[in-house]
Amino acid sequence: MFSGRKAIVVGASSGMGREVARLLLKDGWTVGLVARRGALLESLAKECSTEDLQANNLSTEMVHGKSLVREIDVTSENADVSLRQLIDEMGGVDLYFHAAGVGWQNHDLEKKKELRTVAVNGLGFARMVGEAYRYFASVGRGHIAVISSIAGTKGLGPAPAYSATKAFENVYLQALEQQAKTRGLDIHFTDIRPGFVRTALIDDGVHYPMVLDPVKVARKIVSVIYHRKHVVVIDWRWRALTCLWSLVPNWVWRRMKL
């Protein structure tokens, strides 16, 4: 069904980016796998390659697409140049999926953690998503999908930079969509806001509530991309919680202990 379709997944080395890339490959997409950890990308490409499946006498029906690997750190100043080079090498793309991100609970406001979060989730996000937008604007069509977070709903005391950068991502994507409509561009945008997902991002010994299964979340993400949804909070429990959060007055929120 999706043979001939091309996508780039940024943040494909682990977590949700890796799971989504695997599903796109299974559906027949040609996928550019991008992250700063090249070895993990190579392992994913090998895992999903038809040749490797045949060598191990496994069913090739599992995977139909092919992958290209590119080691890119979104915090590098020329990361956007490398992204455009990959797009050109692939002969253009239909989908840009951004899953690169970092985050910590930072009760003591450690400088290194805060600045790293802003560098990846803020500047790195704008650098890569902005370049994807410029490419799609040049061809007049495309689809940008990103994993942001429900953390962008309110400022979270335990994770100041994380919640602030996720709010930035939400608003940035909304602004790009408005600009695209004003310019008459056929570019679609999907802002995916999951709650806590069982990935390395939250594996720091802290107990998290309502943790979601990454495989199920990945399937949902691919589904909402295919249906070109605009803003999706994954899991009804998180939708209910964020709805309640939005109703809390700021003067009350400032006094809440999270």
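Here the structure is shown first, and the text comes after it.
The present account deals with the structure reproduced in this document. Since this is a predicted model, take the numbers as computed values, not measurements.

### Points about helix 6 (residues 160-183)
Link 1 in the chain: Along its 24 residues, helix 6 runs 35 Å from first to last C-alpha, staying within 8% of the 34 Å computed at 1.5 Å per residue.
Link 2 in the chain: Every buried residue belonging to helix 6 is among Ala 161, Tyr 162, Ser 163, Thr 165, Lys 166, Glu 169, Asn 170, Leu 173, Leu 176, Glu 177 and Ala 180, and all of these are buried.
Link 3 in the chain: Residues of helix 6 that are buried in the fold lie against helix 5 (111-139), strand 5 (141-147) and strand 6 (186-194).
Link 4 in the chain: With its phi angle positive at about 70°, Gly 184 sits one or two positions after the end of helix 6.

### Here we look at the packing of aromatic side chains
Link 1 in the chain: Counting across every chain of the model gives 7 aromatic pairs.
Link 2 in the chain: Measuring from centroid to centroid gives 6.1 Å for Phe 125 and Tyr 172, while their planes differ by 75°, and the two rings are edge-to-face. In this pair, Phe 125 sits in helix 5 while Tyr 172 sits in helix 6, placing the two residues 47 residues apart along the sequence.
Link 3 in the chain: The class of Phe 125 is buried, set by a relative accessible area of 0%.
Link 4 in the chain: Note on Tyr 172: relative accessible area 25%, which makes it partly exposed.

### Focus on the pattern of salt bridges
Link 1 in the chain: A complete count under the given rule lists 12 salt bridges for this structure.
Link 2 in the chain: Measuring nitrogen to oxygen at the nearest pair gives 3.1 Å for the salt bridge that ties Arg 134 to Glu 131. Of the two residues, Arg 134 and Glu 131 both sit in helix 5, 3 residues apart, roughly one turn of that helix.
Link 3 in the chain: Residue Arg 134 is classed as partly exposed on the basis of its relative accessible area of 42%.
Link 4 in the chain: Taking relative accessible area as the criterion, Glu 131 reaches 9% and is therefore assigned buried.
Link 5 in the chain: Overlapping salt bridges bring together Arg 18, Glu 19, Arg 22 and Glu 47 as one network.

### Overview of the sheet that holds strand 3 (residues 67-71)
The pairing of strands in a sheet happens through backbone hydrogen bonds and is either parallel or antiparallel.
Link 1 in the chain: In space, the 7 strands of this open sheet follow the order 3-2-1-4-5-6-7, with parallel pairing throughout. Of all strands in the sheet, those bounded by a partner on one side alone are strand 3 and strand 7 (231-234). For this sheet the average axis-to-axis angle between neighbouring strands, irrespective of direction, equals 15°.
Link 2 in the chain: In this structure, strand 1 (residues 6-10) lies alongside strand 4 (residues 95-98), joined through 4 bridges in parallel fashion. Looking at the pairing, Ile 8 lines up with Tyr 96 of strand 4.

Analysis parameters
Residues numbered from 1 in each chain as written. Predicted model: local features only at pLDDT ≥ 70, side-chain atom pairs only at ≥ 80, totals over all residues. Heavy atoms only, no water. Helix = DSSP H or I, 4+ residues; strand = E, 2+ residues; numbered from the N terminus. Expected span 1.5 Å × (residues − 1). Buried < 20%, exposed > 50% of the residue type's maximum accessible area, 1.4 Å probe, protein only. Contact = heavy atoms within 4.5 Å. Phe/Tyr/Trp six-rings, centres within 6.5 Å; stacked < 30°, edge-to-face > 60°. Salt bridge = Lys/Arg side-chain N within 4 Å of Asp/Glu carboxyl O. Pairing = 2+ DSSP bridges. Axes fitted to C-alpha atoms, helices over the stretch in contact; angles between N-to-C directions.

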